[in-house]
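Reading the structure
The residues making up each chain are set out below.
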Amino acid sequence: MTQRAKIDTDGSEAEAVGPPVVHRPAGLTSAEVAERVARGEVNDVPVRSSRSTKDIVRGNVFTRFNAIIGVLWVIMLIVAPIQDSLFGFVIIANTGIGIIQELRAKKTLDGLAVIGEAKPTVRRDGVAAELSTSEIVLGDLIELGPGDKVVVDGEVAEADSLEIDESLLTGEADPVVKKPGDLMMSGSFVVAGGGAFTATKVGREAYAAQLAEEASRFTLVHSELRTGISTILKYVTWMMIPTAIGLVISQLVVKDDNFKDAIARTVGGIVPMIPEGLVLLTSVAFAIGVVRLGRKQCLVQELPAIEGLARVDVVCLDKTGTLTEGGMDVTELRPLGGADETYVRTVLGAFGESDPRPNASLQAIIDAYPDTVEWRCTEALPFSSARKYSGAAFSEGNGENSTWLMGAPDVLLPAGDPTLTEIDHLNEQGLRVLLLARTANELDSPEVATGAQPTALVVLEQRLRPDAADTLAYFADQNVATKVISGDNAVSVGAVAGKLDMPGAANTVDARTLPTDREEMAKVLDENAVFGRVTPQQKRDMVAALQSHGHTVAMTGDGVNDVLALKDADIGVSMGSGSEATRAVAQIVLLNNSFATLPSVVAEGRRVIGNITRVATLFLTKTVYSVLLAVLVVCSQVEYPFLPRHLTLLSTLTIGIPAFFLALAPNKERAKPNFVRRVMRYAIPGGVIAAAATFTTYLLARHHYSGEGALEAETSAATLTLFLVSMWVLAIIARPYTWWRLTLVATMGGAFLLVLVVPWLQDFFALKLVGTTLPWAAVAIAAAGGLLLEVAWRWVDRRFPA
């Protein structure tokens, strides 16, 4: 604001003196910056949003199961025809696909991370400019405003009612007032006021640098899906070791006249026990999910967020910036108590210039009421979402001084004030109302609002997001409860929600009446959908209360008052235009600021998790029947029925190719907990039935065939039974059927039929059905196995519901 009058110590007006002389530190000079860069005093912490290329290659190549299969592959290349080594080439292809997909995801993620990166304002040579955090050097002067994140450690150089929230570092939610000379810790953020600080520690020396780097990594840690798969693989490994040893010994004893064939059949029994494709498919599905969401301008900062959103059953929304657009318009000014409207407009014009970083409400007032040059702001109290108002003291240019407050009417006015009735009518129309009140108290007094004299109502209209109604309808259709949690008046928030046809919008709750007991609060939250006058701490408490009732909670927000709740929610979603603090703690950032992107994120999560759960059953059914077949062979002291080429063919047609397509298919079902239990309750009966049917056919064939070529005929009959039962498992997993799922199953069946009828494929895969009696018996046994599968899985559904 331009100063036009100066007040002498006796209160009389002195001659206008023009703009005040403000002595602000100019920051470092360009030469000083160059010197520090040369010395390496740069904030060079790599804020990595993804694994390095080296880590990606290492993670996909050097796995426990790749090592086992690699050794077996080398053995097979030495002792058997190339057909029996096909499984090795499949692993190479799968690993290559995994690396390529994750590199694609890395490229997408890194590109989006640059777009969404916080850029602090740094003052150099007296000029303030936005810089990347990696360009900050030791001694830089960094400016701060509401919502800005402190990116390096430093010392306060300027403070204008500066309040810092250090809860992300200390756990203490109360803001800390900072004065020049106080220490600033990286990882904290501004909740009110403004200022500047000098960087004293940069790079890895900064307090929160290592923490921030670790939190931003592309990781699958803390994922129920990944943990479940690891648990399954651990048990599979322990089952494999004794079974494989027994198989090796038994085959060498049984086939003592043909060492190479014994080795080949032993390897044929070990390889299918390994569900190596399951880990790969999980990584590929997540990576493709990141790429798909990246195309929709959605930055996934932590990979488990995709999985978490699939499990979400409650979404908490902040009204401003989510249901409504950031901008507002002043629609009406209502003077109170006979106040002069011209004078009130002057106050509002001056008020607009009291905050260098106005929020949306104050910006609307600035646009409606330009500043007058006569008034000078002598002191300011920045807006805080905790107290719900801001304040300013003015020298009016005529020798008068006045102090004003502006904020929530129901906070500044005592209960029962007649003005509140008038305000309620405006709130019912979905309008936002601010009260301008004059106070006789000092701004730094704890009782500043006590006895404030209401002077005018400023009526604001919020712009509804055009896509908000469709987004709320999507969540309602998907059985995801939505809760609007706002700091605004409850009636006004309810009216906005009502305009968007949100379920439960008619029942609004003033958060000041909420019980403090978590259990009681959770009951109120379950029964209602719209909450107003919510403090930042209450938002956090409400998230915790919902979680205590078993809900998986997603929280959206863009303001500083949302940070604590975003951090505690299962999934935090920030708008790209939100404060640095909200973007820092959120797992998902909507770079296009569109709430309508959220259904796509939820759908992507459900697609990934639902499909991985589906295809995991295929992989683990194979593991179960492979282990059981090996055990049966060891106990019976017979030759293992299959060569590696047979099981490579079966795995490719009944698991590998179908699983890839099924894993990428649409899936709207909400992800459910207990991944291991849900998968194994189908895989165990499926594997047992497949093994029993196959071994029955094999034993019948051993009694039916004799002489030269008997083993090949026995193997072909057993392979036919195992393929048909596995196809039945695939057919069940592929439900509910669509045209492409039926086509997929039919194509796999047709491919196997092709192998059986084309002579050179018969020779390549050593598969040739002999006679008609045993092949038809194999089909009959497989059909019986399929019917038994249907009965068993229906029984499992009833006996062990997910």
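We now turn to the structure provided with this report. (Residues numbered from 1 in each chain as written. Predicted model: local features only at pLDDT ≥ 70, side-chain atom pairs only at ≥ 80, totals over all residues. Heavy atoms only, no water.)

1. Details of the overall build of the protein chain
Looking only at helices and strands, the protein chain features 27 helices and 21 strands. Looking at the protein chain as a whole, 55% of its 802 residues qualify as buried. Of the contacts made within the protein chain by residues no fewer than 6 positions apart, 72% connect residues no fewer than 24 positions apart. Summed over all atoms, the accessible surface of the protein chain reaches about 33,200 Å², with 58% contributed by carbon and sulfur. (Helix = DSSP H or I, 4+ residues; strand = E, 2+ residues; numbered from the N terminus. Buried < 20%, exposed > 50% of the residue type's maximum accessible area, 1.4 Å probe, protein only. Contact = heavy atoms within 4.5 Å. Areas by Shrake-Rupley, 256 points an atom, 1.4 Å probe, with all protein chains shown as cover.)

2. Some remarks on helix 15 (residues 468-477)
Taken as a whole, helix 15 has its buried residues at Ala468, Thr471, Leu472 and Phe475. Axial view of helix 15: buried residues confined to an arc of 95°, hence all on one face. The exposed set on the far side of helix 15, more than 90 degrees from its buried face, consists of Asp470 and Asp477. In the core, the buried residues of helix 15 are packed alongside strand 9 (314-317), strand 16 (481-485) and helix 21 (598-636). Positive backbone phi, approximately 60°, marks Asn479, located one or two places after helix 15. (Arc of directions from axis to C-beta.)

3. A few points about unusual backbone geometry
For the peptide bond that leads from Arg735 to Pro736, omega is -5°, which places it in the cis range. Mapping Pro736 onto the fold places it in the loop between helix 24 (710-733) and helix 25 (739-757). Non-glycine residue Asn479 carries a positive phi angle of around 60°. Here Ala766, not a glycine, exhibits a phi torsion of approximately 55°, which is positive. By secondary structure assignment, the location of Ala766 is in the loop between helix 26 (759-765) and helix 27 (773-799). Exposure remark for Ala766: the relative accessible area of 24% places this residue in the partly exposed category.

4. Description of the nonpolar core
Formed by 125 residues in total, the largest nonpolar core has its most connected members in Ile588 and Phe752. Considering every element that reaches this core, the biggest residue donor is helix 21, with 16 residues. Apart from residues no more than four positions distant in its own chain, Ile588 is found in contact with Cys298, Leu299, Ala305, Leu309, Ile571, Gly572, Val573, Ser574 and Val601. Listed in part, the 24 residues of the second largest apolar core include Phe531, Met542, Ala545 and Val553. (Core = buried A, V, L, I, M, F, W, Y, C linked by side-chain atoms within 4.5 Å.)

5. Here's the deal with the sheet that holds strand 21 (residues 588-590)
With mixed pairing, the 8 strands of this open sheet are ordered in space as 8-21-20-19-9-16-18-17. Lying at the two open borders of the sheet, with one neighbouring strand each, are strand 8 (298-300) and strand 17 (508-510). For this sheet the average axis-to-axis angle between neighbouring strands, irrespective of direction, equals 20°. Taken together, the 2 bridges between strand 16 and strand 18 (residues 530-532) define a ladder with parallel strand orientation. In the strand pairing of strand 18, Val484 is matched with Val530. Against the sheet, helix 16 (residues 490-499) engages strand 16, strand 17 and strand 18, with an angle of about 145° to strand 18. Relative to strand 21, helix 21 is tilted by about 145°, and along the sheet it contacts strand 8, strand 9, strand 19 (553-557), strand 20 (571-575) and strand 21. (Pairing = 2+ DSSP bridges. Axes fitted to C-alpha atoms, helices over the stretch in contact; angles between N-to-C directions.)

6. Some remarks on the packing of aromatic side chains
Pairs of aromatic rings are described using the distance from one ring centre to the other and the angle between the two planes. This model, assessed by the stated rule, comprises 12 aromatic pairs. Taking 6.0 Å as the distance between ring centres and 55° as the angle between the ring planes, the aromatic pair formed by Tyr343 and Trp404 counts as tilted. Taken together, the residues Tyr343 in helix 11 (residues 341-352) and Trp404 in strand 13 (residues 401-407) connect sequence positions 61 residues apart. Classification of Trp404 as buried rests on a relative accessible area of 1%. The interplanar angle of 35° and the centroid separation of 6.4 Å between the aromatic rings of Phe475 and Phe595 together place this pair among those described as tilted. You can see Phe475 sitting in helix 15 and its partner Phe595 sitting in the loop between strand 21 and helix 21, a full 120 residues away along the chain. By relative accessible area, Phe475 is classed as buried at 0%. Looking at Phe595, the relative accessible area reads 0%, which means it is buried. Clustering of aromatic rings is evident, with ring pairs tying together Tyr343, Phe351, Trp375, Phe394 and Trp404. The cationic tip of Lys234 hangs over the ring face of Tyr235; the distance from NZ or CZ to the ring centre is 5.5 Å. (Phe/Tyr/Trp six-rings, centres within 6.5 Å; stacked < 30°, edge-to-face > 60°. Lys NZ or Arg CZ within 6 Å of the ring centre and 35° of its normal.)

7. Observations regarding the environment of Ile97
Here Ile97 lies in helix 4 (residues 86-116). With a relative accessible area of 36%, Ile97 lands in the partly exposed category. Separated by 187 residues in the primary sequence, Ile97 and Val284 place their C-alpha atoms 7.8 Å from one another.

8. Digging into the pattern of salt bridges
Within the structure shown, the criterion is met by 22 salt bridges. Notably, a salt bridge pairs Arg123 with Glu158, separated by 2.8 Å at the nearest N-O pair. Residue Arg123 is found in strand 1 (residues 121-124), and its partner Glu158 is found in strand 4 (residues 153-165); the two are separated by 35 residues along the sequence. With respect to burial, Arg123 and Glu158 carry one shared label: buried. Glu332 is the salt-bridge partner of Arg334, the closest N and O atoms lying 2.6 Å from each other. Using a relative accessible area of 31% as the deciding quantity, one classes Glu332 as partly exposed. Among the charged side chains, a network of salt bridges with common partners joins Asp410, Asp510, Arg512 and Arg533. (Salt bridge = Lys/Arg side-chain N within 4 Å of Asp/Glu carboxyl O.)

Worth remembering: the numbers are spatial, not functional.
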